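For reference, the chains in residue letters:
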Amino acid sequence: MMLFEVLKGSAHDLKDHRVENPRLNAELLLAKCLGFSRETLYANLRREMQAEEKEALDELLRRRMAGEPLQYLLGHQEFWSVDLKVDPRVLIPRPETEVLVEEALSILSIPYCRVPRVLDIGTGSGAIVIALAKDVGEIFAVATDISHEALQVAKENAQEAGVGQRIRFVRGDLLHPFRPLTGGVFDLILSNPPYVCRSDIEELTREVKDHEPRVALDGGEDGLDFYRQMSRQAPSYLREDGWLLVEIGQGQGAKISALLEQSGCFSGPELVRDLSGIERVIKVQKAEG
Ligand code: SAM
Ligand code: GLN
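No experiment lies behind these values; they were computed from the predicted model shown. Position labels on residues start from 1 in each chain and follow its written sequence. Chain labels run from A onward and ligand labels from 1 onward, assigned in the order the entries are written. With pLDDT at 70 or above as the cut-off, local features in this predicted model cover only qualifying residues; side-chain atom pairs require 80 or more to be listed or tallied, and sums for whole chains, interfaces and linings still use all residues. Excluded from the side-chain calculations are hydrogens and water; all other atoms, namely the structure's heavy atoms, are used.

Proximity is defined per residue: any heavy atom of the residue falling within 4 Å of a molecule or strand makes that residue near it. By nearness alone, every residue bordering ligand 2 is listed as R94, N192, P193, P194, Y195, V196, A216 and L217. Between N or O atoms, a polar contact is any pair within 3.5 Å; within protein, one atom must be a potential hydrogen donor and the other a potential acceptor, and residues adjacent in sequence are included only when both atoms are from side chains. Backbone polar atom of P193 to a nitrogen atom of ligand 2: 2.7 Å apart, as the coordinates give it. Here the open area of atoms and residues is found with the Shrake-Rupley method and a 1.4 Å probe, where only the protein chains shown may cover a residue. Computed on the free molecule, ligand 2 has an accessible area of 300 Å², of which 87% lies beneath the protein chains in the complex.

Here it is as structure tokens:
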């Protein structure tokens, strides 16, 4: 069979198995099997497919139809122009998380009298901290995760992106690995924590609920566990006027703003929307006192 025929059949099969964007999925999986870019695939549509290539494709299609995320099968995901390795040890970085990076860059664009110190809590694939380290001239960055396995992926991604020397990776639960210091340490603490209500996890797509790490999703009974803990812990680790920046789930803005206000340690909060108009990031500044 020629490649264009294989492509057509594969897209059809994926569609029958409820895969979204079946044509794009088929193109990317076929290109992966052949070691081609999408452009090269298009230039070779009349080439014959070899038997062993077809076998490799059928295996990937089978896994995709059973619900494995496309990005785990391809082995990577683009985030903020960085090509990140992803596999089931880490959450696949989402485009809306780029809003957090944009806000962090705007905070870090204010001139600092020394190298700014940044902490990314729950770094996963390393997406956020690697994007920052690549874009900010000078930075002292620390990235944490409770998952040892996720940190291995993040370290590899940082090396690959050429910023391995600029990020310290630390395993641990939220801010527990650090000692609170009078006057604080960090200029910016940022996090995309797990924020899905436990009872909503079963409503997520099969790609997410059956394949992405539970520890990356489960935000406790009401989804707000991590915000509660961070609003209590972060002030002791932020310098005066330092910023806390968190990604939030749809509809959580008012509750998380209230939590942060109740701590009495922050001014703000400011809510930032993503490209779909959903409140996605909350920004607060450590208040005087
Ligand atoms: N920052 C990545 C991103 O935006 O793509 C991953 C975010 S994912 C929603 C949340 C991450 O927090 C996961 O990597 C998970 O392992 C980590 N995590 C969960 N509980 C944690 C805890 N108590 N302390 C530190 N990290 C935690
Ligand atoms: N954005 C993820 C989702 O699509 C949730 C990630 C998180 O909990 N921070 O469900």
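This brings us to the site of ligand 1. Not every one of the 19 residues close to ligand 1 is listed here, only the nearest: G122, D145, D173, L174 and N192. Note that a nitrogen atom of ligand 1 is positioned 2.9 Å from one of the backbone N or O atoms of G122. Contact with the protein chains removes 95% of the 600 Å² of surface that ligand 1 exposes when unbound. Under this grouping Gly is polar, as are all residues other than the nonpolar Ala, Val, Leu, Ile, Met, Phe, Trp, Tyr, Cys and Pro and the charged Asp, Glu, Lys and Arg. The residue inventory of the shell around ligand 1, partitioned by class, reads 10 nonpolar, 7 polar and 2 charged.

What follows covers the side chain of S257. Numbering goes from the N terminus for both helices and strands, where a helix is a DSSP run of H or I of at least four residues and a strand is a run of E of at least two. One can find S257 in helix 11 (residues 253-262). Classification of S257 as buried rests on a relative accessible area of 9%. The contact criterion used throughout is that any non-hydrogen atoms of two residues lie within 4.5 Å. Apart from residues lying up to four places away in sequence, S257 is in contact with P269, L271 and I282. Buried means the residue's accessible area, taken with a 1.4 Å probe over protein chains only, is under 20% of the maximum for its type, while exposed means over 50%, and partly exposed covers the values in between.

Now for the pairing of strand 4 (residues 140-145). Counting buried residues in strand 4 gives 5 out of 6 residues, a clear majority hidden from the surface. Of the strand pairs in this sheet, strand 3 (residues 117-121) and strand 4 are connected by 5 bridges, and their pairing is parallel. Residue pairing in the sheet places L119 in a bridge with V142 of strand 4. Convention used here: a crossover is right-handed provided that the path from the first strand, over the helix, to the second strand proceeds clockwise when the strands point away from the viewer. Handedness of the β-α-β unit built from strand 3, helix 7 (residues 127-135) and strand 4 comes out right-handed. Here, a strand pair is defined by DSSP locating no fewer than two bridges between the strands. Where strand 4 lies against strand 5 (residues 167-171), 5 bridges are found, and the strand directions are parallel. Each bridged residue has a counterpart across the sheet, and for T144 the counterpart in strand 5 is V170. Between strand 4 and its parallel partner strand 5, the chain crosses via helix 8 (residues 148-160), and the hand of that crossover is right-handed.

Keep in mind that these numbers describe shape and distance, not what the molecule does.
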